[in-house]
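A structural walkthrough
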Amino acid sequence: MDKFIYFINQTGFANIELSGLAMMAIGLFLLYLGIAKKYEPLLLVPISFGILLVNFPLSPMMAQPENGQPGGLLHYLYLGIELGIYPPLIFMGIGALTDFSPLISNPKTLLLGAAAQAGIFATFLAMLALGFTDLEAAAISIIGGADGPTAIYLSSQMAPHLLGAISVAAYSYMALVPMIQPPIMRLLTTKKERMIEMQELRETSRRERILFPVIVILVTGLFLPTALPLLGMLMLGNLFRECGVTDRLSKAAQNELNNIIVIFLGLTVGAKCSAHYFLTVETIQILIFGLVAFGIGTATGVLMGKLMCLATGGKVNPLIGAAGVSAVPMSARVCQTVGQADNPSNFLLMFAMGPNVGGVIGSAVAAGIFLAVL
Amino acid sequence: MKGLEAISHYHGVSLAVLGVTVVFIALVVLAVIISRLHVVLGIWENPKAWLDRVRLWVFPEKPEKPEPPGPYFDDIHESARQLNLLIHAIGEPFSLPALIEKAEKIGISHAHSVVSHLIVSHLIVPDQKGYFYWNQKECDRLLGKGRERKRGVNPING
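Please read these numbers as outputs of a predicted model, since none were measured by experiment.

Reading guide: rules and limits
Residues numbered from 1 in each chain as written. Chains lettered and ligands numbered in written order. Predicted model: local features only at pLDDT ≥ 70, side-chain atom pairs only at ≥ 80, totals over all residues. Heavy atoms only, no water. Helix = DSSP H or I, 4+ residues; strand = E, 2+ residues; numbered from the N terminus. Buried < 20%, exposed > 50% of the residue type's maximum accessible area, 1.4 Å probe, protein only. Contact = heavy atoms within 4.5 Å. Areas by Shrake-Rupley, 256 points an atom, 1.4 Å probe, with all protein chains shown as cover. Rg over C-alpha atoms; globule rule 2.2 N^0.38 Å. Salt bridge = Lys/Arg side-chain N within 4 Å of Asp/Glu carboxyl O. Phe/Tyr/Trp six-rings, centres within 6.5 Å; stacked < 30°, edge-to-face > 60°. pLDDT = per-residue confidence, 0-100. Expected span 1.5 Å × (residues − 1). Axes fitted to C-alpha atoms, helices over the stretch in contact; angles between N-to-C directions. Parallel < 35°, antiparallel > 145°, perpendicular 65-115°, else oblique. Left-handed = near helix turned anticlockwise from the far one by under 90°. Buried area = accessible area lost by both parts, 1.4 Å probe. Polar contact = N/O pair within 3.5 Å; in protein donor to acceptor, adjacent residues only side chain to side chain. Nonpolar A, V, L, I, M, F, W, Y, C, P; charged D, E, K, R; others polar. Core = buried A, V, L, I, M, F, W, Y, C linked by side-chain atoms within 4.5 Å.

With that settled, consider the overall build of chain B. Check the secondary structure of chain B and you find 7 helices and 2 strands. Relative to its full complement of 158 residues, chain B shows a buried share of 29%. Relative to all contacts within chain B whose residues are 6 or more apart in sequence, the contacts with residues 24 or more apart total 49%. With an accessible surface of roughly 11200 Å², chain B has 61% of that area assigned to carbon and sulfur atoms.

For chain A, the helix and strand inventory stands at 22 helices and 0 strands. The C-alpha radius of gyration computed for chain A amounts to 22 Å, which stays within 12% of the reference 21 Å derived for 374 residues, consistent with globular compactness. Along the longest, intermediate and shortest principal axes, the C-alpha atoms of chain A span 85 × 45 × 40 Å. Scored against the burial criterion, the 374 residues of chain A give a buried share of 57%. Partitioning the contacts of chain A with sequence separation of at least 6, the portion at a separation of at least 24 is 77%. Surface summary for chain A: the accessible area is close to 15300 Å², and the carbon and sulfur share equals 67%.

Here we take up the environment of A:F294. Residue and element names in this part refer to chain A. With respect to the element layout, F294 can be found in helix α20 (residues 281-311). Judged by relative accessible area, F294 falls into the buried class, the value being 0%. The sequence separation of F294 and Q181 amounts to 113 residues, and the corresponding C-alpha distance is 8.7 Å. Look past the residues within four positions of F294 in its chain and what remains in contact with it is G144, A146, Y173, V177, I180, Q181 and V325.

On to the pattern of salt bridges. Residue and element names in this part refer to chain A. Throughout the structure, instances matching the rule amount to 8 salt bridges over all chains. Ionic pairing is found between E193 and K306, a salt bridge with its closest N-O pair at 2.9 Å. With E193 in helix α14 (residues 191-194) and K306 in helix α20, the pair connects residues that are 113 residues apart, well separated along the chain. For E193, a relative accessible area of 16% gives the class buried. Since its relative accessible area comes to 24%, K306 is described here as partly exposed.

Here we come to the packing of aromatic side chains. Residues and elements named next belong to chain A. Using the criterion set out here, one finds 4 aromatic pairs over all chains in the structure. Ring geometry for F121 versus F370: centroids 5.4 Å apart, planes at 40 degrees, classification tilted. One end of the pair, F121, is in helix α9 (residues 118-129); the other, F370, is in helix α22 (residues 349-373), and 249 residues separate them in sequence. Summarising the burial analysis for this pair, F121 and F370 share the class buried. By the ring-pair criterion, three or more aromatic residues cluster together here, those being F121, F124 and F370.

Before going further, it helps to spend a moment on the confidence of the model for chain A. Chain-level pLDDT for chain A is 91 on average; 100% of the residues reach the 70-or-more range. Mean pLDDT in chain A bottoms out at helix α19 (residues 275-278) of chain A, which sits at 80, and peaks at helix α17 (residues 247-254) of chain A, which reaches 96.

Right, let's talk about helix α6 (residues 86-97) of chain A for a bit. All names here are of chain A. For α6, built from 12 residues, the straight-helix expectation of 16 Å at 1.5 Å per residue is met to within 8% by its first-to-last C-alpha distance of 17 Å. With 10 of its 12 residues buried, α6 lies for the most part within the structure. Taken residue by residue, α6 has Y86, P87, P88, L89, I90, F91, M92, G93, G95 and A96 as its buried positions.

Our next topic: the packing of helix α5 (residues 96-105) of chain B against helix α6 (residues 111-120) of chain B. Residues and elements named next belong to chain B. Put simply, α5 and α6 touch, their axes get as near as 9 Å, and they point 130 degrees apart. The pairing of α5 with α6 is recorded here as oblique in orientation. Crossing geometry of α5 relative to α6 is assigned as right-handed. Listed contacts from α6 to L96, L99, I100, A103 and E104 of α5 are A111, H112, V115 and I119.

Moving on: the interface of chain A and chain B. Taken together, the contact pairs 37 residues of chain A with 31 residues of chain B. Interface area, chain A with chain B, both sides summed: about 2900 Å², of which 86% is carbon and sulfur. Run the count over chain A and chain B and you get 1 salt bridge. Residue B:E45 pairs with A:R207 through a salt bridge whose shortest N-O separation is 2.8 Å. If you look at where chain A meets chain B, you find 3 residue pairs in polar contact (both at pLDDT 80 or more). A per-class count over the side of chain A that touches chain B returns 26 nonpolar, 7 polar and 4 charged.

What follows deals with the nonpolar core. By size, the foremost hydrophobic cluster in this structure holds 125 residues, and its most contacted members are A:F100, A:F212, A:I361, A:F370 and B:L30. Beyond its immediate sequence surroundings of up to four residues, A:F100 is in contact with A:F212, A:L234, A:M235, A:N238, A:V357 and A:I361.

Dropping the structure here:
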């Protein structure tokens, strides 16, 4: 009988808590969004499953090693985040997947990527005013860059206890780009501006594409060595892709390695969403101000686009400024959709890819600044 | 700590300004370098064309003025001797059209050019009434020099 009672006490039913159930409900909801609505499924499915796994009562998945017993699987996988390993490796995969030609042929669009980072610093001030510490404020505000790996990297280095909320917010807003950005873009532009057709981009040579990652590393590495873990790996991946002699490495970075890291990253981010970390007022503030940061970033990008439109005598469509947030390629696609709604013969996708990948560099630089000064 | 006090405590405004500034400077520097990349590669791939462009930039070539047609004869002395004989035959003063016509008739090629050159050399001089004279003095001087040159004597030192 004692054995039976002991067994009953070891089941989830006997240890169930309301907060745990709430987190499991959130996990199931995110799983639904990932599978049924296809919102960033490659990330939301492992994240939401990770949330489920750690919120079971007495779940050993994140258990610390004690009394000579090894810890839980996710505890060890989480070391990849804690030690800052996964986000740079994800960046290598992104680099190997990204064609930087639109940026190389139209480098002024880097300014749009820079302008869209203003949301990060505006939100940093807002979070300080709300009572967060400077490290927490920096980690939260980087959501405005709309760059999941950067947000995870910075929060793992500066505010690990907020990692779950920050990464869920970052990836949720990236998935919701088609809903968040268009109203802001329409609000800040006139129909005439949205109809602007841009001049065709020049072709880039292979040498330019090979030199690009090297130059980015030389410049940003000298400006901001703290940005090197992210930008260095991003550019290494891109060099694999462009140099033409490392096809196998490029394919591995794009596919196998990237997929493995996405699984580990997603699961462990989800594993950080346990009830006592996640169900707090802070999380709600993070979700709200993450959205604010993202909105400000979109707005400042569009405003910079308007400025460039003015400076070039109407040759730049301001909509592409919204792609300065680095949700690649989602926000570039949104620019294309919004632009085509007013002018069906307008194809902005390639033009928007310039600021879009510029935004990746910009948000990594912004993260590097926080790492350097805080 | 909240509000402006917190922002002030953490030097929030200066950090935000610094952050925006560094992001912009880094990306502007990057944009400038990338925008010049294809130019640098163009120099690397074809340095000669670039050097030619630099040379033209440093020493711009003036547009070439069309040269006035040169004398279509090799020896002014020979032309002067021939026209001297012809003018003696037609008499002075003479009109240029008549001189040119006679010169062409006796087979002096490019008669216009020869006559023009002799006017510039003051061998044929106008009389201010539309006619011309032969300058025998200048002719003797010119032909004398020509003979000395043919003999290999320096006309100045004797």
